[in-house]
Amino acid sequence: MDLWAIATLAAVLMLGAILTLYNSRQAQALREMEQVLSDWYLMQVAERREKQRQAVKVDDPLVWLGQQIDLTLTGVERQQEAAQAVSFLTDNATRLVVSPFSPDRLKRVLKPLEARNGKVANLVDPLLGRNPGKVQVEERSILNAGEWFDVEAGLVGQALGINWGEPKRLYFYRVPLAEKK
């Protein structure tokens, strides 16, 4: 009886070892298959995006930017290369500043550029206005502005002569115009 118990136990252990070996091999094969399928999918997406990239066009950069936040832009006021920002005039009592920099980063970049140095600083309003607390900021990205936002934003930047590349997000700053005293 002991011999049969030992033989049965040995057979069960050997069967368990064989099953474990084959299961690990199957798991490895499934992981490799997942990687191949993932690579194939990414290749298909990249190919589709590349074809679409050729077809994406922005006819009027001012209209495209205005559509992003429901404003009518009337013209470019100025550009700030270091901040990668462009300031636009609108048809209401605001100025629109567009930059790929977040509010905190934009303020850090602008601070040394707009340091007060004599009477010249009083002639030109700072990029974000004299009262930055009243500036409204809206963020646009692929998540809320469409699948091809990055490509379109890059084309808009090129048309405006500013190097945004293909930004993952753009920040739209609504700056109230200073009241004349």
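Residues numbered from 1 in each chain as written. Predicted model: local features only at pLDDT ≥ 70, side-chain atom pairs only at ≥ 80, totals over all residues. Heavy atoms only, no water.

*Asks:* Give a description of the pattern of salt bridges that names residues and reports values.
*Replies:* A full pass over the atoms with the stated rule returns four salt bridges. A salt bridge links arginine 95 to glutamate 77; the nearest nitrogen and oxygen atoms lie 3.3 Å apart. Linking arginine 95 in strand S3 (residues 94–99) with glutamate 77 in strand S1 (residues 73–80), this pair joins segments that are 18 residues apart in sequence. Residue classification places arginine 95 among the buried residues on the basis of a relative accessible area of 3%. A residue is classified by how much of its surface remains accessible, and glutamate 77, at 38% relative accessible area, is partly exposed. A salt bridge links glutamate 138 to arginine 174; the nearest nitrogen and oxygen atoms lie 3.0 Å apart. Of this pair, glutamate 138 sits in strand S4 (residues 136–141) while arginine 174 sits in strand S5 (residues 169–176), and the two are 36 residues apart along the sequence. (Salt bridge = Lys/Arg side-chain N within 4 Å of Asp/Glu carboxyl O. Helix = DSSP H or I, 4+ residues; strand = E, 2+ residues; numbered from the N terminus. Buried < 20%, exposed > 50% of the residue type's maximum accessible area, 1.4 Å probe, protein only.)

*Asks:* Could you give an account of the pairing of S5, with specific residues and numbers?
*Replies:* The buried fraction of S5 amounts to six of the eight residues, a majority that puts the element mostly inside the structure. Pairing geometry for S3 and S5, over six bridges, is antiparallel. Residue pairing for S5: leucine 96 is matched across the bridge by arginine 174. Here six bridges tie S4 to S5, and the two strands are oriented antiparallel to one another. For glutamate 139, the partnering residue across the bridge sits in S5 and is tyrosine 171. (Pairing = 2+ DSSP bridges.)

*Asks:* An account of the sheet that holds S1 is requested, with residue identities and associated values reported.
*Replies:* Sheet architecture is open: five strands sit in the order S1-S2-S3-S5-S4, paired in antiparallel fashion. The outermost strands of the open sheet, each flanked by one partner alone, are S1 and S4. Taken over all neighbouring pairs, the strand axes of this sheet differ in orientation by 25° on average, direction set aside. Bridge count between strand S2 (residues 85–90) and S3: four bridges; the pairing is antiparallel. Across the sheet, the residue bridging to phenylalanine 88 is leucine 96, located in S3. (Axes fitted to C-alpha atoms, helices over the stretch in contact; angles between N-to-C directions.)

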